[in-house]
Amino acid sequence: MNWSRKSLDELEAFYWETIAPAMDRDGMDPTRDVPTYAWLTERGWSGIAYALREKHGLTPRQFFVEVVGLGDDDADGGYDWGIDDDRTVEAFESYLDMLESRRGLADSTLPTRRTHLARFARIYRDRYGSADLLSRLDDRDAEPDEIDRCLAVLDEFDAELATDGTKLKYLQTVRSFYEYLVDFRRARYNPVENAAKQFRWEQGQPDNRTMTADQVGDVYAVADDLEDRLLVLGLAGWGLRPNELASLRASQLVLTGDDPHIEFEERKNGPGTVALLYGVDAVAARIDALAADDDWNGALFPSSRAASGHIARETVNRRFKRLADEAGVTVDGEVPTAKLCRRFWYTAYQEAVDEMLAQLEGVAADQGSKSAGVVMSNYLSEERRRSFRRQAMRETLAGVFESADEPATVETQMPQ
């Protein structure tokens, strides 16, 4: 990759398209965590540092913070925990101050600990309406319930984080925080003390499992109604997280024009859109079917029993596992979970891009270029590159979801 030829806009686009997904798979928060030089080097992206320094006069950290917008240090030197419970924030900061001043924890380690604690508190708040992690810790009668609440948060970690090693690192940080509270008599018990026994997380055993295209197609084939087909499409064809799919509303969907997509005001990686490269006909049919009910609330997966008006993340996971079980699909001997669909999407996208580059090799040879990557980076506009990528992924998804029983519904819109 010829880093020195890339503009800041191109480098920023490379971050969101390539680096951010890799960070997400490694359990980092691509909207907050600043990747280290060592981490970038391990993945073959060390050249970005040279290009930033020599061409743009920036250090990598300046680029990631000032251009991309990562990090949480504001002008006052504070950290945006993303929660509104002052007592919990004070306890977090007291704990981190102790690590820095008394245990001599490296400065580079503290941001990681902050990220772990902040993510735990935010999930806790999203589930229970408050990020108050302290008030129940003085009441032994509340201990069983609080243990269950914390285990439910760890279930979220289990569903979203990529590897067992990463999950254990998060748990170790949270457990150490609660141990600190107990040691200094700010809590009577540690609700995650024995949490590791409840999960089959093994240090050093990477969980890189994913589903193959044939397996996704098999699961899709057993979906016998439009709702189940849309569930598989949303997970594996659009790459949505289970909670995003569960809460999806018709108002978020733009199905007309040349760029069908889903709009998100709030998402893990910030506001943005997800392109609908496949399945527009299916989601349009789902909306038409739901709209026939005068009481429909706009949710694509409505639930009359839930206060939210839509099904829960756990329901998406349960339905997907049921379909996979019916299809007889296993990954490493186990029925796959919904999170493996998101990994499939990332893998399929990367393979589609690789295949697209292979098709450009002939162009590179005719132009005397060293590789298709040079043609892609230097001779095609960003709009044209995006068009190529989307077309390649659209064809990949069409191959996955087409079957003898279900005619293909590949959209004819040209990618943008």
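Note that the coordinates shown come from a computational prediction; the quantities given were computed from them, not determined experimentally.

### Re the pairing of strand 2 (residues 261-264)
Where strand 1 (residues 253-254) meets strand 2, two bridges bridge the pair, whose relative direction is antiparallel. Opposite valine 254, over in strand 2, you have histidine 261 as the bridge partner. What sits between the antiparallel neighbours strand 1 and strand 2 is a turn of six residues, in which glycine 257 has the positive phi angle 85 degrees. Pairing of strand 2 with strand 3 (residues 272-275) involves four bridges; the strand directions are antiparallel. For histidine 261, the partnering residue across the bridge sits in strand 3 and is alanine 275.

### Here we look at helix 12 (residues 280-291)
Residues three or four positions apart in an α-helix share a direction because the helix packs 3.6 residues into each turn. Under the 1.5 Å per step criterion, the end-to-end length of helix 12 is 16 Å for 12 residues, consistent within 8% with the ideal 16 Å. Within the sequence span of helix 12, burial applies to Val280, Ala282, Val283, Arg286, Ile287 and Leu290. For helix 12, the arc enclosing every buried residue in end-on projection is 165 degrees, short of the 170-degree limit, so these residues lie on one face. Residues of helix 12 that are buried in the fold lie against helix 10 (226-237) and strand 1.

### Concerning the packing of helix 10 against helix 13 (residues 313-327)
Packing of helix 10 against helix 13 leaves a shortest axis separation of 11 Å and a crossing angle of 105 degrees. Taken together, the axes of helix 10 and helix 13 are roughly perpendicular relative to one another. On the side of helix 10, the interface is formed by Glu227, Asp228, Leu231, Val232 and Leu235, while helix 13 contributes Val316, Arg319, Phe320, Arg322 and Leu323. Its residues assigned to classes, the contact of helix 10 with helix 13 shows six nonpolar, no polar and four charged.

### A closer look at the pattern of salt bridges
Taken as a whole and assessed by the stated rule, the structure comprises 17 salt bridges. Here arginine 127 makes a salt bridge to glutamate 156, at a shortest N to O gap of 3.2 Å. Of the two residues, arginine 127 is situated in helix 6 (residues 110-128) and glutamate 156 in helix 7 (residues 143-160); the sequence distance between them amounts to 29 residues. By relative accessible area, which is 33% here, arginine 127 ends up partly exposed. The residue arginine 322 makes a salt bridge to aspartate 228 at a minimum N-O spacing of 3.2 Å. Taken together, the positions of arginine 322 in helix 13 and aspartate 228 in helix 10 put the pair 94 residues apart, joining distant regions of the chain. Look at arginine 322 and you get partly exposed, because its relative accessible area is 36%. Connected via shared salt-bridge partners are Arg127, Glu156, Arg313 and Glu314.

### Structural notes on the confidence of the model for the chain
A residue-level look at the chain finds 80% of positions with pLDDT of 70 or above and a mean pLDDT of 80. Confidence drops under pLDDT 50 across residues 72-77; counting only partners more than four residues distant or on other chains, this segment forms seven contacts. In this model residues 404-416 is a low-confidence stretch, pLDDT under 50, and it forms 31 contacts with partners more than four residues away in sequence or in other chains.

### Section: the packing of aromatic side chains
In this description, an aromatic ring pair is defined by two values, namely the gap between the centres and the angle between the planes. The final tally for this structure, using the stated rule, is 20 aromatic pairs. Judged by centre distance (5.0 Å) and plane angle (65 degrees), the ring pair of tyrosine 124 and tyrosine 128 falls under edge-to-face. Here tyrosine 124 and its partner tyrosine 128 are both found in helix 6, four residues apart, which amounts to about one turn of the helix. On the basis of relative accessibility, which here comes to 26%, the residue tyrosine 128 falls in the partly exposed class. Counting every residue linked through ring pairs, the aromatic cluster contains Trp81, Phe92, Tyr95, Phe120, Phe157, Tyr170, Phe177, Tyr178, Tyr180 and Phe184.

Criteria and thresholds
Residues numbered from 1 in each chain as written. Predicted model: local features only at pLDDT ≥ 70, side-chain atom pairs only at ≥ 80, totals over all residues. Heavy atoms only, no water. Pairing = 2+ DSSP bridges. Helix = DSSP H or I, 4+ residues; strand = E, 2+ residues; numbered from the N terminus. Expected span 1.5 Å × (residues − 1). Buried < 20%, exposed > 50% of the residue type's maximum accessible area, 1.4 Å probe, protein only. Arc of directions from axis to C-beta. Contact = heavy atoms within 4.5 Å. Axes fitted to C-alpha atoms, helices over the stretch in contact; angles between N-to-C directions. Parallel < 35°, antiparallel > 145°, perpendicular 65-115°, else oblique. Nonpolar A, V, L, I, M, F, W, Y, C, P; charged D, E, K, R; others polar. Salt bridge = Lys/Arg side-chain N within 4 Å of Asp/Glu carboxyl O. pLDDT = per-residue confidence, 0-100. Phe/Tyr/Trp six-rings, centres within 6.5 Å; stacked < 30°, edge-to-face > 60°.

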